[in-house]
Each structure stands twice: as C-alpha cells, then as structure tokens.
Amino acid sequence: MIDRDRFPVDPWRLIETRYTEDGVGETLFGVGNGYLGLRGNHIEGRGAHEHGTFINGLHETWPIRHAEQAYGFAEVGQTIVNAPDAKVMRVYVDDEPISFDDADVREYRRTLDMRTGVLERVVVWETPSGKRVRMRDERIVSFEERHLAILRLEVVVENSDAPVTISCQLLNRQDGAGVYAGTPVEAQGAGFDPRKAEKIAERVLQPAEHWQDGLRSALSYRVAASGMTVAVVADHIVETENEYSARTLIESDIAKNVFRVQAKAGVPITVTKLVSYHTSRGVPPRELVDRCRRSLDRVVVEGVAAQFQRQAEWLAAFWERSDVQIGGHDDLQQATRWCLLQLAQASARADGTGVAAKGVSGSGYSGHYFWDTEIYVLPFLTYTSPQWARNALRARVLMLPAARRRAEQLNEAGALFPWRTINGEEASAYYAAGTAQYHINADVSFALGKYVRATGDEEFLRREGADIAIETARLWATLGFWRVSDGRETFHIHGVTGPDEYTTVVNDNLYTNVMARYNLRYAAKVVREIAADFPEDYALLVERTGLGAGEADEWERAGEAMFIPYSEGLGIHPQDSLFLEREVWDLAHTPATQRPLLLHFHPLVIYRFQVLKQADVVLALFLQGNHFTPEEKRADFDYYDPLTTGDSTLSAVVQSILAAEVGYQDLALKYFEQSIFVDLHDLHHNAADGVHVASAGGVWTALVSGFGGMRDYAGELSFDPRLPADWPSLSYPLQWQGSAIQVTVARDALTVEVRSGEPVPFTVRGAAFVATTEDAVVVALADQGPVIAGRPTLRQFEGARREDGTRLSASVPVITTSIPVIEPID
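Cut-offs applied
Residues numbered from 1 in each chain as written. Predicted model: local features only at pLDDT ≥ 70, side-chain atom pairs only at ≥ 80, totals over all residues. Heavy atoms only, no water. Pairing = 2+ DSSP bridges. Helix = DSSP H or I, 4+ residues; strand = E, 2+ residues; numbered from the N terminus. Buried < 20%, exposed > 50% of the residue type's maximum accessible area, 1.4 Å probe, protein only. Polar contact = N/O pair within 3.5 Å; in protein donor to acceptor, adjacent residues only side chain to side chain. Contact = heavy atoms within 4.5 Å. 1 Å grid on protein atoms, 1.4 Å probe; cavity = no way out; pocket = protein on both sides within 12 Å on 5 of 7 lines; lining within 4 Å. Points joined across faces, edges and corners; volume = space filled by probe spheres on them. Nonpolar A, V, L, I, M, F, W, Y, C, P; charged D, E, K, R; others polar. Salt bridge = Lys/Arg side-chain N within 4 Å of Asp/Glu carboxyl O. Phe/Tyr/Trp six-rings, centres within 6.5 Å; stacked < 30°, edge-to-face > 60°. Lys NZ or Arg CZ within 6 Å of the ring centre and 35° of its normal.

Asker: Just checking my understanding: could you explain the sheet that holds strand E25 (residues 718-719) for this structure?
Answerer: Adjacent strands of a sheet form backbone hydrogen bonds with each other and so pair up, either parallel or antiparallel. Ordered by their spatial adjacency, 4 strands build an open sheet running E24-E25-E29-E30, and the pairing between neighbours is mixed. Here the strands that pair on one side only, and so sit at the sheet edges, are strand E24 (710-711) and strand E30 (767-771). Both strand E29 (residues 760-764) and E30 contribute to a ladder of 5 bridges, which runs antiparallel. Across the sheet, Thr763 pairs through a bridge with Ala768, a residue of E30.

Structural data, given as structure tokens:
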C-alpha cells in the first residue's frame, strides 16, 4: 500500500514529504500535455531511474532482426527518443552543490497541484558552515502553448551572505554517457521484461545547428535512421537585487547558462527558464529552431505570469467537464483526479498523433500506440473532451495508407491497423501476440461509432471516419470464411489472437467475432445512410475508397451470420473454439513469486492452459452487452474470473465493471481499487517506466459505467447504477450530443441535470425520462442492483464436464526432475 507519511491524502494535490530518486516518483510527478512530457526528475539532474523528456511521435527506427525470418514479419522497429533535457538547474552555494545523500535537509515537500498544473518543490537545507538555504522550484508544461515548458527557481540564503551559482543546462541524454545518460547504468537492470523500451547502441541524435545568443541557447538534431528532426531553445530571465554575472558554454550536446550571484542574506534570486520544443518528420533543424524562437518571443511579450494563469484557467475548464466526485473518500478522490490528469497530460495536445501507452511520461512500451487508445482512453475523451477524441481518431485516418499496405501484405483486402506503432507501420516482432490481434480493426471502428453516436459529429464520419469503417470491414470480409452445417450458414474467423495474450492464434475467438460483427454491421449502416442522405459525400466516399455497390450487403450478411461460440454443457461462451479443451491453471495455488506469468513461464507453457492475462470474453460482455442476457453475463463472469491473472493492467477495470453489473459489489470495489492505485501504489512494479494511461482511462469507465451504470448501446443513453455500499454519492459530467449534463448517484436516487444544450432523453432501468436545462430529473432508486457475496472460484466447477464428457481439473505447471540414468548391470 501507499506510504501515507510520504504521500499524504489531499483531494486536489499529490504531495511527497521525503526526497527520493526512484523511478516511481519520476512518473507520478511528471508533467505533460500530450505532445511534450517532462518526467519528475529533480533539477539537480543527478540520480534518476530515467532522465526523461519525451515528445509524442519523436522516434528512431531500427531493423528488427528475427532469428528465423518469414514473409510478412515486421521489419522495422520504432522506439521513442529521449529529447534533449532542459530540466537541469543546478544550485551551488559556496561552490558546493546540494547532494541529498549527505545534505542536512530541514524541509522537503514536492507537490503536483492538479488545479493549476504546477509541479512545485520546496527544499530547505543547511550547509556545513551553517548557511540556511531555501529553494523553491516549479514547472509547467503548457496546455495552451503546445511547445512550451516553463521552469522557475527561487533561491534564498536566509541567514548569511554567500556566493551562489545556478547552472542551467540543456543536455542530450539520449546519447550521453555517465552522469549525462538518460538511463544511468545502475538503473537499467539486467532482467528480461518485454514491456521496457529497446536500447539503441549507436548514436541516435545527429547534431545540427547549435548556438547561444544572450541568454538564449539552442540545440537541434536529426534522428539518425528515422530522419525526424528536433530543436530545443531555452531562454532565461534573471530577477534579483543581488549582483550577478552570466557565463555560457555551448557544444553540440550541451548548453550551459551559468549565473554567478553574490547573494545577500534574505535577498531572493529567481531564474525562469522558458523552453520550447519543436519536431518534424521532414522540416530542416534550422526551421525548427526558428519556430522555437518565435514561440519564446510570444511568451516573453505575454509574460510568464500570464502562462501560469492560463494554465490554471485551462485546467478549471477541464475539471468542470471531467471531474468525477466520490463522496466521503478523499483518498479515492485524490487517486481519481490524478488518473484523470494523466489522461489530459497524455492526450490533450496530441493533436493528430496517437496516444501512447505511456503517454509522454516514460519510455515504457517504446512510446508505441496500441488498441489501448480506442477501447480504454477514447471513451473518456469522447464524453468529456470530444475534440481530443476526434484528434485521436484522425491519427488512425492518417495511418490508413500504411494499414492498407499491411493488409495487402497479409493477403487481405481493406486495411489492417498495426498492433503497435509510432509511424503507422507494424512494429510488433512477435506476430502471435501482435499482428494476430486483428481485433484492433474492430476496436478502432468501435471507437469511431461510439464517438459519432455520443457527439453527433456526422460531418467527420462523412469526410474521413467512414473510410475507417469501410476498410476495416473489408478485411473481415476476406479474413473470415463461410461454413454450412445443418442447412445453416455461419461466418468464421480463424488464426487470430484476442485481447488475452496468454492464448494466441486461435479459431473463433469470441471477443474478435463479436467485435467484428459490430464492425461489419456498422460499416454497412454507415454506407447506406450516407448514400441515402448525402449523395455528394457518398460520391466522394466511393471515389476515395473504390466502394462497390454490393459490398455493404456482403458485410451485413457476414455480420448476421457471425459464429458466436457457446458451450451448452457448461452454459458459457468459450473464449475460442479449443479453449475448453485445455487444462485449467490453478491460479489460487500459484506462488506469488511466479507472477506475472509472462516473466516466469515460456509462452508455450502458458498457451497450453486455460489462463488469462486479461479480460477477453468479459470485455466483450461489457462493450457489446446488449447482445448478451444477464444470465449469460453472470455465467461467463463466474467462469472466467478465477482464470484471470490480472497480469495486464487493462484487466481489473473491466472485471470491476462486470462484477458490479452482475452483483459482486464488494469484488467490483476491490478490482476498482487495484486499477486506481496501479501506478500510485506501483502494484505491477513497473510504474517507473511511465503512467499506465489505458488503466487511467479505465478508471473513468469503471466509475461512470461500472458504479455509475451508464451505457450507450445503439446510441441510447441509459443508467443502472451500482453505488458501493460505503460511498454516499458519486457524481460525474458527460458531454452528450452537444449537451453538457451532470449525473449524480445517491443511495436512493439518481439525478440528471442538463447544464447547457438541448434536452437529453435517457432511461433508468428501462423507464424513460427527458432532462432539460430548466428541469432536472430525479429518479428514485429502490436499490443499487443485485448483491452477491464473495467471488467466483474454481470450486463451483468441480465435477463439471466438457462437451466430450471429460472432467475439468485445475493444476499448476511444475518442473519435473530428469529421468535418472540406469547403470547397466555387469
């Protein structure tokens, strides 16, 4: 659990009371805006897990070397680049730096204020000669100015005169060594973990223009293999009544602006560092340097105070449309707001690039975009900040040319989105748990449909979005095939991997089939509606996509005939056609030292068992819940929950939602707390590599859809809440088709208010209502849904039999001893 002495509870601030250099703190106290991210490294620039400055989309490429090559394998890897570090503002008193290893620190406090977006650190320390020094530094990455970061440092020697030096630096840590390295040797570790970023041995950033002009310093580079360019320019403002001098140093990988101050007792020294970053996939570095200069020129004219004020105003508007309020639980409230802030920091100014699995908070997962965005992050964006959702969907539109090439390479029509990517090309070297996850196509189309239904943005659908629906449906139409049995035609999809990466390359994965069915039906519906209502847009759509007259009919036919596996004997939906034939992994008796399984067992061992990395069937039950009965949901949840390891951070949020729906209320809260504290408590022991952005998005969905009971099936807003027993209330805002509404759940009533916009129709447990700006609707609640004690276990299946009559039994893989050698008899 979290150390509350170190991290006290505060509903609006994350506070740290003891100095650390661990990577978790760097992640928790990072600041970003979706384009630019600064990890929570201390300004001294010394010890760290990862000195990180990350820019969305700035990457290097490298050849993937397969031990055994085969046609269609991904050939070019991509990994995020550590941009030049501007965070260093090192302080020397009497020519000695502060070293927290041996410094006499009298006060320490670091605070991330979620209302203002300011990261502040206050340190009071005493030198060996008795001089008391107070340092206060703060930083923001601007949401309004996409390319801007501001770092401000105030130093006061409180009880004595003293020489003070402040060394402000720009460092290329990507190619640095020793103390200049982005990831120090002692922090790299030697253990295997596929979730970490690749390390590139060769030089990545090739120097271009670098200069100093007055108090401005500039570095710029071209990325060696990808050809991308990056520039950073830092300006400095010095405010003090003390006498001081300035010195500079500029080289290709380091720039220093050093201020030597003859500090008088009690007279403050303030240095403000204005930093601008620009990147491009083709613009020369010199042009980017000019852009940085213009960005800083504008800030200088507007003033630094105005930037901090605009940051606070931006966040006030964000919280008004995003804040989820949990009554009576400040610890959960703090964690919730931290998660929601991370979503803003990962996506707000992505502006047409993707939302990476770690946002811009760390190098984990190499800075790649996955299906996480569409299934876990887009719902939050769609219902709180629709423009951000549109931007994220446009990133997929821009990937369509590469996705079409990938589909052709795999002998399919249409487009196949990459499982993991930065530049749009497939970067997953392990096809079984990568390219085989064709469901990403349906995930993107599903997110598109959800966005259009919730926002009413039909114009985006006609102009660009329909292309996604069409090209993804085309792939399913050729990937799947028809079978006839007992005079009934069914459509099947073989050789795919579902969300559960502990079961790969299977036939008729339930999640894939259910989501592909949605994709096919949705594409057919979109095409017909555009053809009927917007003939000019339809003509352009046909021109862009080469749409054939009969394609929509074929998609609908395939969708209607989609095979959905079901076991009559067990009364559940098998995860795939052979899932129930595998042995059952006994998770309850698996030692904690062997978790997560992916770090302790070869994939082939895992693949032989019924064991899940994350929710698969259960996720389908949530996303397409209107196609399953309550009884089916309960039976499926009971079966799969004991088999789910939760080794993926994406699992707990989905399990929480379905547990709440079917009645396991206490279990739902337990899963929710696992998800909300996944980074704050470092529950998966890898928060140091960056924020689990998708899990943070899932926290919002667990609150709004799980406990808040919101659903939007078929474009109709409905509520069936499940408020936890010790929560007095839950309140959340939604953007729905241009109207801003506020939903509040109490133990005995649900209230819907329309803050602005048109009247909003909705249902509560089947009863229809309409809320307006004049009249809020209060609906009495008899209860908070069904309540089932405990949790599902494997015991309930003792004696259960598969379709072939064999019994289900659970076990844990063990290492057997080798067969002894029998000595021959003389």
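Asker: Honestly, the side chain of Arg121 in this entry has me stumped. Any pointers?
Answerer: Within the secondary structure, Arg121 sits in strand E9 (residues 118-126). The class for Arg121 is buried, based on a relative accessible area of 2%. Within the local environment of Arg121, its side chain forms a polar contact with the side chain of His42, the two groups lying 3.2 Å apart. Within the local environment of Arg121, its side chain forms a polar contact with the side chain of Glu44, the two groups lying 2.8 Å apart. Other than its neighbours up to four places away in sequence, Arg121 contacts Tyr19, His42, Ile43, Glu44, Phe100, Tyr108, Arg109, Arg110, Met135, Arg136 and Asp137.

Asker: Any chance you could explain the layout of surface pockets here in plain terms?
Answerer: Each pocket or cavity is described by its volume, and for the second largest pocket that value is around 1300 Å³. Around the second largest pocket, the lining comprises 49 residues; the ones closest to its centre are Leu587, Arg595, Thr644, Thr645 and Arg791. Contributions of two or more residues to the lining of the second largest pocket are made by helix H5 (330-347), helix H16 (651-662) and helix H17 (665-676). The element contributing the most residues to the lining of the second largest pocket is H17, with 5 residues. Split into classes, the residues belonging to the lining of the second largest pocket amount to 21 nonpolar, 15 polar and 13 charged.

Asker: Sorry, what's going on with the pairing of strand E17 (residues 254-263) here?
Answerer: Across the 10 residues that make up E17, a large majority, 7, are buried. Pairing geometry for strand E12 (residues 162-171) and E17, over 10 bridges, is antiparallel. For Gln169, the partnering residue across the bridge sits in E17 and is Lys256. Note: strand E16 (residues 243-251) against E17, 9 bridges, orientation antiparallel. Among the inter-strand pairings, Glu251 is bridged to a residue of E17, identified as Ile254. Joining the antiparallel neighbours E16 and E17 is a turn of 2 residues.

Asker: How do you make sense of the pattern of salt bridges when you look at a structure like this?
Answerer: Two side chains with opposite charge may pair up if their charged atoms get near one another. What the rule picks out here adds up to 66 salt bridges. With a shortest N-O distance of 2.6 Å, Arg173 and Asp85 are connected by a salt bridge. Taken as a pair, Arg173 in the loop between E12 and helix H2 (185-188) and Asp85 in the loop between strand E5 (76-82) and strand E6 (89-93) lie far apart in primary sequence, 88 residues in all. The exposure class of Asp85 is buried, given its relative accessible area of 2%. Among the charged side chains, a network of salt bridges with common partners joins Arg390, Arg394, Asp457, Glu459, Arg463 and Glu464.

Asker: Would you mind showing me how to read empty space enclosed by the protein here?
Answerer: Where empty space is left can be seen by rolling a probe of water-molecule size over the atoms. Counted under the stated rule, the structure contains 4 cavities of 30 Å³ or more. If you add up the space inside the largest cavity, you get close to 90 Å³. Elements supplying a minimum of two residues to the lining of the largest cavity: strand E2 (31-32), strand E3 (36-38) and H5. Per-element accounting of the lining of the largest cavity gives the leading share, 3 residues, to H5. Residue composition of the lining of the largest cavity, grouped by class: 6 nonpolar, 8 polar and 2 charged.

Asker: Explain the packing of aromatic side chains to me, please; I cannot follow it from the model alone.
Answerer: The geometry of an aromatic ring pair is captured by two quantities: the separation of the ring centres and the angle between the planes. Inspection of the entire model under this criterion finds 33 aromatic pairs. Aromatic pair Trp12 and Trp319: ring centres 5.3 Å apart, planes at 85 degrees, arrangement edge-to-face. Here Trp12, found in the segment before strand E1 (13-16), pairs with Trp319, found in helix H4 (residues 304-322); they are 307 residues apart in sequence, far enough to count as distant. What makes Trp319 buried here is its relative accessible area of 6%. When the ring of Phe370 is compared with that of Trp419, the centres are 6.2 Å apart and the planes differ by 85 degrees; the resulting orientation is edge-to-face. Taken together, the residues Phe370 in the loop between H5 and helix H6 (372-384) and Trp419 in the loop between helix H7 (386-409) and helix H8 (439-455) connect sequence positions 49 residues apart. With a relative accessible area of 4%, Trp419 lands in the buried category. Cluster of aromatic residues (ring-pair linked, three or more members): Trp12, Phe143, Trp314, Phe318, Trp319, Phe380, Tyr383, Trp388, Trp700 and Trp736. The positively charged end of Arg152 is found above the aromatic ring belonging to Phe308, 4.3 Å away from the centroid. Lying across the ring of Phe534, Arg462 places its NZ or CZ 3.8 Å from the centre.

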